[in-house]
Amino acid sequence: MLLDTASLYYRAYFGVPDSVRAPDGTPVNAVRGLLDFIARLVQDHRPDDLVACWDNDWRPQWRVDLIPSYKAHRVAEEIEGAPDAEETPDTLAPQVPVIEEVLAALGIARVGVDGYEADDVIGTLTARATGPVDVITGDRDLFQLVDDARGRRILYPIKGVGTLQVTDESWLRERYGVDGPGYVDLALLRGDPSDGLPGVPGIGEKTAAKLLDAYGDLAGIMAAVDDPAAKLTPSQRAKLDAARPYLAVAPKVVRVADDIPVPRFDAALPHAPRDPAALEALAGKWGLGGSLQRLLSVLQG
């Protein structure tokens, strides 16, 4: 089980009231909400391995170099020689280091790679896995990893993590008319304002799905643009032709990396805390209470 950790702690932050606070009055709603999420996921799915995948760089320069608008609207501050600072709610940012400390004390693997997003860590670990993989994320970009033959599913939270949309190939085909790899082409044609991906102007999701159904993939669509006999409308042909510079680079930006240098780590689900003393101190300082006890109880089970 691979967690898109930031996706989950953002959901926890907005789903748990900020009246949930530590003894010193600091909000800990994201920390406690994430612990509750993990407890429910482990209880419901009993994974052998669990990895909290991390954004060491939420907006990698190599993606920005290809598409400068990539996540540009979420930059709070540009930092020379380091990842740009992301716009983050004032009361969430201080909770992220607490989450790191709690995961370390629990012994839950937390894996990030400099210069890459959590999506790329997830893509690499999924590619390397020898058994089934469940990815927990609220990010549709990762639908591209769905692969029934290899047991790769995306579990997309609908309400908390108690209600998850099980995203497999049949669901993808019914909803979007594509398979996992086809979702990359659909996404880059359609665009994604939340990630600053412009898409092809005038080509929406339905048109993109129809083009992919007719021509197979992006390469097939562009071959049709160059083929006067292909049954594209003049408008579609003109729009796709004008978008060639974007379409030449977008696949590398949208497709998650699957071969990044992930460090060695122990992914095994812990049954007892790695550092009980540190965990006890963190629980007291931050008032983690029932959330932590529920997770410990589930892990011991």
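The name an unreviewed UniProt entry assigns to the protein is 5'-3' exonuclease, from the organism Streptomyces cremeus. Recorded under Function (unreviewed entry), the UniProt text for the protein is reproduced unchanged: "5'-3' exonuclease acting preferentially on double-stranded DNA."

## Looking at the overall build of the protein
In terms of helices and strands, the protein carries 13 helices and 8 strands. In terms of its C-alpha atoms, the protein occupies a principal-axis envelope of roughly 70 × 45 × 35 Å. Sorting the 301 residues of the protein into buried and exposed places 50% on the buried side. When the accessible surface of the protein is summed, it comes to about 14,000 Å², and 51% of that surface belongs to carbon and sulfur atoms. Treating the 31 positive side-chain charges of the protein as one cloud and the 46 negative ones as another, the clouds have centres 5 Å apart.

## Looking at the sheet that holds strand 6 (residues 133-136)
Spatial strand order, 5-2-1-6-7-8: 6 strands in an open sheet with mixed pairing. The open sheet terminates on both sides in strands that have one partner only, identified here as strand 5 (109-111) and strand 8 (163-167). Across the sheet, the axes of successive neighbouring strands diverge by a mean angle of 25°, strand direction being ignored. As defined by bridge partners, strand 1 (residues 2-4) adjoins strand 2 (residues 51-53) across 3 bridges and the pair is classed as parallel. Each residue of the ladder has a partner; that of Leu3, found in strand 2, is Ala52.

## Focus on the packing of aromatic side chains
For the structure shown, the criterion picks out 11 aromatic pairs. A ring pair is formed by Trp62 and Tyr116, whose centres lie 5.9 Å apart and whose planes are at 55°; its orientation type is tilted. Note that Trp62 is positioned in helix 3 (residues 61-66) and Tyr116 in the loop between strand 5 and helix 5 (118-128), a separation of 54 residues in sequence. Judged by its relative accessible area of 22%, Tyr116 is partly exposed. An aromatic cluster is built from Tyr9, Tyr10, Tyr13, Phe14 and Trp54, whose rings are joined through pairwise contacts. One cation-aromatic arrangement involves Arg11 over Tyr156; the distance from NZ or CZ to the ring centre is 5.6 Å.

## Topic: the packing of helix 9 (residues 218-225) against helix 10 (residues 234-242)
It is the contact of helix 9 with helix 10, at a shortest axis distance of 9 Å, that shows an interaxial angle of 115°. Between helix 9 and helix 10, the angle falls in the class roughly perpendicular. Helix 9 and helix 10 meet at a crossing whose hand is left-handed. Two secondary-structure elements touch here, helix 9 through Ile221, Met222, Ala224 and Val225 and helix 10 through Arg237, Leu240 and Asp241. Tallied by class, the residues present in the contact of helix 9 with helix 10 amount to 5 nonpolar, no polar and 2 charged.

## Considering the packing of helix 7 (residues 180-190) against helix 11 (residues 244-254)
Relative to each other, helix 7 and helix 11 sit at 125°, their axes nearing to 10 Å. Of the possible angle classes, the one that applies to helix 7 and helix 11 is oblique. Relative to helix 11, helix 7 is oriented so that their crossing is right-handed. Facing helix 7, whose interface residues are Val184, Ala187, Leu188 and Leu189, helix 11 presents Tyr246, Leu247, Ala250, Pro251 and Val254. Here the residues of the contact of helix 7 with helix 11 are counted per class, giving 9 nonpolar, no polar and no charged.

## Some thoughts on the pairing of strand 6
Two faces make up the sheet, and in a regular strand the side chains alternate between them. Every second residue of strand 6 is oriented toward a common face, with Val133 and Val135 on one face and Asp134 and Ile136 on the other, all of them buried. One ladder, built from 2 bridges, connects strand 1 with strand 6; its direction is parallel. By the bridge assignment for strand 6, Leu3 is matched with Ile136. Bridge count between strand 6 and strand 7 (residues 152-159): 4 bridges; the pairing is parallel. Looking across to strand 7, one finds that Val133 is bridged to Arg152.

## Concerning the environment of Ala277
Relative to the helices and strands, Ala277 is located in helix 12 (residues 276-286). Taking relative accessible area as the criterion, Ala277 reaches 56% and is therefore assigned exposed. In sequence terms Ala277 and Ala105 are 172 residues apart; their C-alpha atoms lie 8.4 Å from each other.

Thresholds applied
Residues numbered from 1 in each chain as written. Predicted model: local features only at pLDDT ≥ 70, side-chain atom pairs only at ≥ 80, totals over all residues. Heavy atoms only, no water. UniProt positions renumbered as here; feature names shortened; annotations may be inferred. Helix = DSSP H or I, 4+ residues; strand = E, 2+ residues; numbered from the N terminus. Buried < 20%, exposed > 50% of the residue type's maximum accessible area, 1.4 Å probe, protein only. Areas by Shrake-Rupley, 256 points an atom, 1.4 Å probe, with all protein chains shown as cover. Lys, Arg positive; Asp, Glu negative; His and termini not counted. Charge placed at Lys NZ, Arg CZ, Asp CG, Glu CD. Pairing = 2+ DSSP bridges. Axes fitted to C-alpha atoms, helices over the stretch in contact; angles between N-to-C directions. Phe/Tyr/Trp six-rings, centres within 6.5 Å; stacked < 30°, edge-to-face > 60°. Lys NZ or Arg CZ within 6 Å of the ring centre and 35° of its normal. Parallel < 35°, antiparallel > 145°, perpendicular 65-115°, else oblique. Left-handed = near helix turned anticlockwise from the far one by under 90°. Contact = heavy atoms within 4.5 Å. Nonpolar A, V, L, I, M, F, W, Y, C, P; charged D, E, K, R; others polar.

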